[in-house]
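Examination of the molecular architecture
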Amino acid sequence: MIPLFSAVAANKDLNLLASVQRVIERHWYVLGEEVAEFEKEFAQYIGVTNCISVANGTDALELALRGVGVRQGDKVITVANAGFYSSTAIHAVGAVPCYVDVDANSLTMCLAAFEAALALKPKAVIVTHLYGRLAEIESIARLAKAGKVAVVEDCAQAHGAAQNDRKAGSFGDVACFSFYPTKNLGALGDGGAVVTRSTEVAEQIRMLRQYGWSQKYKVAVPGGRNSRLDEMQAAVLRTKLPYLDGWNEQRREIAKRYNQAFSGFPLQCPQFTGKEYVAHLYVVQIENRDAFRNFLKENAILTDVHYPIPDHKQAAYALPAESNGKLEKTEQACEKVVSLPCYPGMTDEEVEQVITVVRMYFNK
Ligand SMILES: *Cc1c(COP(=O)(O)O)cnc(C)c1O
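Description of the structure in this document.

**Focus on the packing of helix 4 (residues 57–67) against helix 8 (residues 199–208)**
At their nearest, the axes of helix 4 and helix 8 sit 9 Å apart, and the two run at 130° to each other. Between helix 4 and helix 8, the angle is such that the two are oblique. Helix 4 and helix 8 meet at a crossing whose hand is right-handed. Counted together, Leu-63, Ala-64, Arg-66 and Gly-67 of helix 4 and Val-201, Gln-204, Ile-205 and Leu-208 of helix 8 form the full contact between these two elements. For the contact of helix 4 with helix 8, a count of residues per class yields five nonpolar, two polar and one charged.

**Structural notes on the side chain of Ser-53**
By the element assignment, Ser-53 lies in strand 1 (residues 50–54). Only 2.7 Å separates the side chain of Ser-53 from the side chain of Glu-39, close enough to count as a polar contact. If we ignore the near neighbours within four places in the chain, the residues touching Ser-53 are Val-35, Glu-39, Gly-192, Ala-193, Arg-209, Ser-227 and Leu-229.

**Some thoughts on the pairing of strand 9 (residues 192–196)**
Within strand 9, five of the five residues are buried, which leaves it mostly tucked inside the rest of the structure. As defined by bridge partners, strand 1 adjoins strand 9 across five bridges and the pair is classed as antiparallel. Residue Cys-51 lies in a different strand from strand 9, and its bridge partner there is Val-195. Relative to strand 9, strand 8 (residues 174–178) is paired through four bridges, and the arrangement is antiparallel. Among the inter-strand pairings, Phe-177 is bridged to a residue of strand 9, identified as Ala-193.

**So, the sheet that holds strand 9**
A sheet is described by the order of its strands in space; here seven strands give the open sequence 1-9-8-5-4-2-3, paired in mixed fashion. This sheet does not close on itself; its edge strands, each paired only once, are strand 1 and strand 3 (96–100). This sheet shows a mean twist of 25° between the axes of neighbouring strands, independent of strand direction. Contacts from helix 7 (residues 137–146) reach strand 4 (124–128) and strand 5 (150–154) within the one sheet, and its direction differs from that of strand 5 by about 155°.

**Section: the nonpolar core**
In terms of nonpolar packing, the biggest core is built from 56 residues, with Phe-42, Val-125 and Phe-179 touching the most fellow members. Ranked by residue count, the leading element in this core is helix 3 (residues 33–46), at six residues. Filtering out sequence-adjacent residues up to four positions away, Phe-42 remains in contact with Cys-51, Phe-177, Phe-179, Leu-185, Val-195 and Leu-241. Ile-2, Ile-254, Tyr-277 and Val-358 belong to the second-largest nonpolar core, a separate cluster that totals 29 residues.

**Quick look at the site of the ligand**
Close to the ligand lie Asn-56, Gly-57, Thr-58, Tyr-85, Thr-128, Asp-154, Ala-156, Gln-157, Ser-178 and Lys-183, which account for all nearby residues. Taking Thr-58, its side chain carries an N or O atom lying 2.6 Å from an oxygen atom of the ligand. The side chain of Lys-183 places a nitrogen or oxygen atom 2.7 Å from an oxygen atom of the ligand. Compared with its free state, where it exposes 380 Å², the ligand has 92% of that area covered by protein.

**Quick look at the side chain of Lys-240**
As for its placement among the helices and strands, Lys-240 is situated in helix 9 (residues 231–240). Lys-240 gets classed as buried once you look at its relative accessible area, which sits at 2%.

**A closer look at helix 7**
All buried positions along helix 7 are accounted for by Ile-137, Ile-140, Ala-141 and Ala-144. Across the axial projection of helix 7, the buried residues extend over an arc of 100°, all falling on one side. What points out from helix 7, more than 90 degrees from its buried face, is the exposed set Arg-142 and Ala-146. Looking at the packing, one finds that the buried side of helix 7 touches helix 6 (111–117), strand 4 and strand 5. Lys-148 lies just past helix 7 and shows a positive phi near 55°.

**Thoughts on the state of the cysteines**
Covalently bonding the sulfur atom of one cysteine to the sulfur atom of another cysteine gives a disulfide. Using the criterion set out here, one finds zero disulfides in the structure. Here Cys-269 is not disulfide-linked; the sulfur of Cys-342 is the nearest cysteine sulfur, at 12 Å. Residue classification places Cys-342 among the buried residues on the basis of a relative accessible area of 2%.

**Some thoughts on the packing of aromatic side chains**
As enumerated under the stated definition, the model contains 20 aromatic pairs in all. Between the aromatic rings of Tyr-258 and Phe-262, the centroid separation amounts to 5.5 Å while the plane-to-plane angle is 10°, which identifies the pairing as stacked. With Tyr-258 and Phe-262 both in helix 10 (residues 244–262) and four residues apart, the pair spans about one turn of that helix. We note that Tyr-258, like Phe-262, is buried. Across the ring face of Tyr-45, the terminal group of Lys-167 is positioned such that the distance to the ring centre comes to 4.1 Å. The ring of Tyr-85 has Lys-183 sitting right over it, with the charged end atom 5.7 Å from the ring centre.

Cut-offs used in this document
- Residues numbered from 1 in each chain as written.
- Predicted model: local features only at pLDDT ≥ 70, side-chain atom pairs only at ≥ 80, totals over all residues.
- Heavy atoms only, no water.
- Axes fitted to C-alpha atoms, helices over the stretch in contact; angles between N-to-C directions.
- Helix = DSSP H or I, 4+ residues; strand = E, 2+ residues; numbered from the N terminus.
- Parallel < 35°, antiparallel > 145°, perpendicular 65-115°, else oblique.
- Left-handed = near helix turned anticlockwise from the far one by under 90°.
- Contact = heavy atoms within 4.5 Å.
- Nonpolar A, V, L, I, M, F, W, Y, C, P; charged D, E, K, R; others polar.
- Polar contact = N/O pair within 3.5 Å; in protein donor to acceptor, adjacent residues only side chain to side chain.
- Buried < 20%, exposed > 50% of the residue type's maximum accessible area, 1.4 Å probe, protein only.
- Pairing = 2+ DSSP bridges.
- Core = buried A, V, L, I, M, F, W, Y, C linked by side-chain atoms within 4.5 Å.
- Near = heavy atom within 4 Å.
- Areas by Shrake-Rupley, 256 points an atom, 1.4 Å probe, with all protein chains shown as cover.
- Arc of directions from axis to C-beta.
- Disulfide = S-S within 2.5 Å.
- Phe/Tyr/Trp six-rings, centres within 6.5 Å; stacked < 30°, edge-to-face > 60°.
- Lys NZ or Arg CZ within 6 Å of the ring centre and 35° of its normal.

Okay, structure coming up:
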């Protein structure tokens, strides 16, 4: 069976036990040396001045929104095809999500739709670099700046994606990462981080992640909570960070092989294989998705759908249709997307096996 994800290769050859042991021997488990060093190293990797580690990627989004001043009742623009994470954060601060449609090719935020939504006078926009591919972030950030809209990048699938040597996470006012085990940079449990060039925003988020404290037991800002990365996860992430670019390259190579093999097939492949894509997910669009997925499963290849239900149709928060623009491309994509296995350590034979089975499905 070929899984969709595997973190085995990215964990088994590194001496992660030694990283954990170091922490145990030091007997300091929360907000210590490992966290401080990881924050420095990760900020440097992204090319920004501040990194504040937190408990997970969703908290990172929520605290980032609070950090740039989003409050109850404010409007926040986002897309509806990115797994509801941004929506969870927007609802958590009591703000209102305003969904805009995606571009049919990239499946990231449509620039024209974003521009039109500026008329709603939003406080912020969350731009998701979906599947590991940089969104049209430079253009979005330019328009947002002119409209005084804060830009929050969701980089939870895009650690290391870059354009002209600028990395995902260095374009917005603030950017969020998840270190969930299957992400391009994954911990041995939950973890997350916010990065920013702004000293003020960084200060706010540092207080918010720890009860709103400016110092011990002194609550200086409202909306605080406990959301910290622990020392063991920070130690593991420090050990793994130097390998990230290599793993991204492996993912990209797999994506390129799939793209070559599938050209001419009735499925739409990702049309990008440069540094702007770190292949967190290799997603194709196809008609009759269920038949395709079942055939692959019968042939020992696991797939998944990222994501089947658009945010505006989730039962818990279903919104009146008129509250958003038309989300035609979003809804079409939710019907057609399917993710194929793509992870570092996937062998040539496994990639070949996936290609063979897809060929068989199309009788090619
Ligand atoms: C994984 C993910 C998140 C959430 O991260 P958690 O650490 O699981 O909370 C947010 N946004 C995107 C796009 C993700 O893929």
